[in-house]
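Architecture and fold: a report
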Amino acid sequence: MSTYHFRSPLLWKRHSVHIRSLFHDIYIIQGDKSIVSLFSKNALSSGPVNRTLMVNVFGLPKTAAETYSKDDSGEHRRPIPGSKVPDHNRVAFLTSTSRHRFFLGRGYYSLLRRLHFSTIKRLSSLDVGCTWSAVPDLFDIFRIHLTAASIDSFTGPTLMERNPSFANDISAIKENLLPLMLGLPRFLMLGAYQARDRALEAVLDWHAWARQNSKPESVDADENEHFWGCDSFREKQTTLLEMDGFDDPRALASEDLFFLWSAQGNSIGTAFWLTLQTFRDPEILQAVRDEVGPCVKPGPDEPLMFNVDRLMCQPLLQAMFAEVLRLRTHGYWTIPKHSLCVASSTTAAMDPQFWCAGDRAGHPPVHEFFPGRFLKTNRQSKGKFFNLSGLHGHSFPFGGEPFTCPGRVYAKHENLVALATMVTMYDCEVLAWDEALVLKTRSIPGGTADPSGKVPVRLRRRKYPLGG
Ligand code: HEM
């Protein structure tokens, strides 16, 4: 059954489109050839969008915003020729580098380990017993509990413990992203601004607490910092403090709020779709459980743990994640010169002349969920293996150079561990109408789309974990 619908005809063209709007001229770059060509341009910069995002959505104070406005040096190590911005004020380069540092070195392995534990802990302790319980919206489980697990993995448990509404507030920012970005007045969307302010206060509170308590010996050999969670947060404070206008604690809080938010917006949605798609189809559910089962580590009487290395290599699980990204993730922002430019992945990801032709002829229509698009058969062993080759320009959910998402491996871990925990710990009956599963898309695409309506389900705790 098809649950995929996309309502904006502008996103179905094979060629790029120019829209004149009240505020900006917007270019939608789409189609595989245009996209490949766009990613090959070195002069792209996401600076102006980032500045608007940081000020309007994440409350960056004016003094720090001025540093953003003056920075025309680009995100790369080598400044754009002609730029006179002093090195210490290269805000696009410095913030981007500090964000990428979370995903490098030993600290990254600790981060993934914490993600593994916190995801299992949060998702396996839902208030669900061994008889069926009605859950009004499956999406809420991911929006609240998986977001909290991811925040815990980055900051340690303190931020969520001191500010239990943080996960909800972060998702309210995603829900209202476009109006916040356009700077609609506060009285028109009081709830959204209040959620943003609460989230900012929560980060300020955590920063103040961590600064007060952290000592050099709080960092262990694996770059875990007892108070900051990832040691990269502590390092980032030092780097950003050197920039003009960033001596205001709100500027640092605004940057970290953006970072924590960007780690959630897409990944939580894909984990939800991945799990929903699995529980809706008994054959897929069985095949997923067959791949997850051998990755369960301890026996049924001990706390659940997975052999994550093995889990990440299971062919069907990887193909399911790739197929969810193809069907549910649309669009990506960037800027050439002074025009607002949105590169849309939709046409290429949904092109029947690519996905259902040639050696893919016979595959189900593009709007159907079919992980087999990413699986090939080994001629000798006849086993299936995951395969992404030959997709150039047709599959780029994580963007392309120079703006490739640094969190893509983290996202894969988060999604597959969440799915593995859900199918191991619960049975689930999906009660939602198809209409509720239509993608909630806005006029301009931006990442993983949420479902349009609530997704009621019945959950039941499994008597024995897999392998029991
Ligand atoms: C399904 C999940 C995800 C998708 C589809 C996705 C997609 C993207 C895309 C397309 C961009 C480039 C945006 C642009 O050019 O403006 C991006 C940037 C970014 N993503 Fe992701 N992302 C995902 C998950 C994550 C996760 C889990 C994290 C963190 C753990 C993360 C952290 C970031 C950051 C920090 C940036 C900005 C990088 C910079 O400033 O240089 N993302 N993501």
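Residues numbered from 1 in each chain as written. Predicted model: local features only at pLDDT ≥ 70, side-chain atom pairs only at ≥ 80, totals over all residues.

**Topic: the overall build of the protein chain**
Which entries qualify depends on this criterion: Numbering of helices and strands runs from the N terminus; a helix is a DSSP stretch of H or I covering at least four residues, while a strand is a stretch of E covering at least two. Our exposure labels follow a C-beta count within 10 Å of each residue's own C-beta, placed from the backbone: buried means 20 or more other C-beta atoms, exposed means 12 or fewer, and partly exposed covers the counts in between. In this description, a residue-residue contact is defined by the distance between C-beta atoms placed from the backbone, which must lie within 7 Å.
Looking only at helices and strands, the protein chain has 19 helices and 15 strands in total. Taking all 468 residues of the protein chain together, the buried fraction comes to 43%. A fraction of 69% describes how many contacts in the protein chain between residues 6 or more apart in sequence connect residues 24 or more apart.

**Section: the nonpolar core**
Note the cut-off: When buried Ala, Val, Leu, Ile, Met, Phe, Trp, Tyr and Cys residues are joined through C-beta atoms within 7 Å, the set is termed a nonpolar core.
In this structure, I173, L419 and A420 are the most contacted members of the largest nonpolar core, which totals 94 residues. Residue contributions to this core peak at 10 residues, all from helix 19 (residues 408–425). Aside from chain neighbours lying at most four places away, what touches I173 is V57, L180, A195, R196, A199 and W261.

**Things to note about the sheet that holds strand 15 (residues 457–461)**
The following threshold applies: Strand pairing follows a simple DSSP-based rule, namely that at least 2 bridges must link the two strands. Note on definitions: angles span 0 to 180 degrees between N-to-C directions of axes, and those axes are lines fitted to C-alpha atoms, for helices only across the stretch in contact.
The strand order 3-15-11 describes an open sheet built from three strands, whose pairing is antiparallel. Edge positions in the open sheet fall to strand 3 (133–135) and strand 11 (426–430), since each of these has one partner strand only. Shown here is a sheet whose adjacent strand axes are inclined to one another by a mean of 30°, direction ignored. Sheet topology places strand 11 next to strand 15; five bridges connect them, and they run antiparallel. Among the inter-strand pairings, E429 is bridged to a residue of strand 15, identified as R458.

**Concerning the UniProt feature "binding site: heme" (unreviewed entry) in the protein chain**
Selection rule: UniProt positions are given in the numbering used here, feature names are shortened, and annotations may be inferred rather than shown by experiment.
The UniProt feature table records "binding site: heme" (unreviewed entry) at C405. Mapping C405 onto the fold places it in the loop between strand 10 (384–386) and helix 19. Beyond its immediate sequence surroundings of up to four residues, C405 is in contact with F398 and G399.

**Digging into helix 10 (residues 190–213)**
Quick note on the threshold: Every helix has an expected span of 1.5 Å times one less than the residues it contains.
Between the first and last C-alpha of helix 10 there are 35 Å, a value that for 24 residues agrees with the 34 Å anticipated at 1.5 Å per step. Of the positions making up helix 10, those classed as buried are A192, A195, R196, A199, A202, V203, W206, H207 and A210. Packed against the buried residues of helix 10 are helix 6 (138–155), helix 7 (158–162), helix 8 (166–175), helix 9 (177–181) and helix 12 (249–262).

**Some points on helix 12**
With 14 residues, helix 12 should cover 20 Å at 1.5 Å per step; its first-to-last C-alpha distance of 20 Å lies within 8% of that length. Counting buried positions along helix 12 yields 12 of 14 residues, so the element is predominantly enclosed. Among the residues making up helix 12, those that are buried are R250, A251, L252, A253, S254, E255, D256, L257, F258, F259, L260 and W261.

**Quick look at the pairing of strand 15**
As a general feature of sheets, a regular strand has side chains that alternate between the two faces. Across three bridges, strand 3 lies against strand 15 in antiparallel orientation. Its bridge partner being in strand 15, S133 is matched across the sheet by L459.

**Focus on the confidence of the model for the protein chain**
To keep things clear, this is the line we draw: pLDDT measures the predictor's confidence residue by residue and takes values from 0 up to 100.
Summary statistics for the protein chain give a mean pLDDT of 86 and a share of 83% for residues scoring 70 or more. Between residues 1–7, whose pLDDT stays under 50, and residues either more than four places distant or in other chains, the model counts 15 contacts.

**Digging into the packing of helix 13 (residues 265–280) against helix 14 (residues 282–292)**
Note the threshold: Roughly parallel here means an angle under 35 degrees, roughly antiparallel means over 145, roughly perpendicular means 65 to 115, and every remaining angle is called oblique. When residue character is reported, Ala, Val, Leu, Ile, Met, Phe, Trp, Tyr, Cys and Pro are called nonpolar, Asp, Glu, Lys and Arg charged, and the others, Gly included, polar.
For the pair helix 13 and helix 14, the least separation of the axes is 5 Å and the interaxial angle reads 115°. If you check the angle between helix 13 and helix 14, you find them roughly perpendicular. Contacts between helix 13 and helix 14 involve Q277, T278 and F279 on the former and, on the latter, I284, L285 and V288. Looking at side-chain class alone, the contact of helix 13 with helix 14 contains four nonpolar, two polar and no charged residues.

**Things to note about unusual backbone geometry**
Phi at E223 is positive, roughly 65°, even though this residue is not glycine. Here E223 shows up in the loop between helix 10 and strand 4 (224–225). For K382, which is not a glycine, the phi torsion comes out positive at approximately 65°. With respect to the helices and strands, the residue K382 is situated in the loop between strand 9 (375–377) and strand 10. On the basis of neighbour count, K382 is assigned to the exposed category, with 7 C-beta atoms found within 10 Å.

**A few points about the packing of helix 14 against helix 19**
In the contact formed by helix 14 and helix 19, the axes pass within 10 Å of each other and the chain directions differ by 105°. Of the possible angle classes, the one that applies to helix 14 and helix 19 is roughly perpendicular. Across the interface between the two elements, L285, V288, R289 and V292 from helix 14 touch L419, A420, V423 and T424 from helix 19. When the residues that make up the contact of helix 14 with helix 19 are grouped by side-chain class, the tally is six nonpolar, one polar and one charged.

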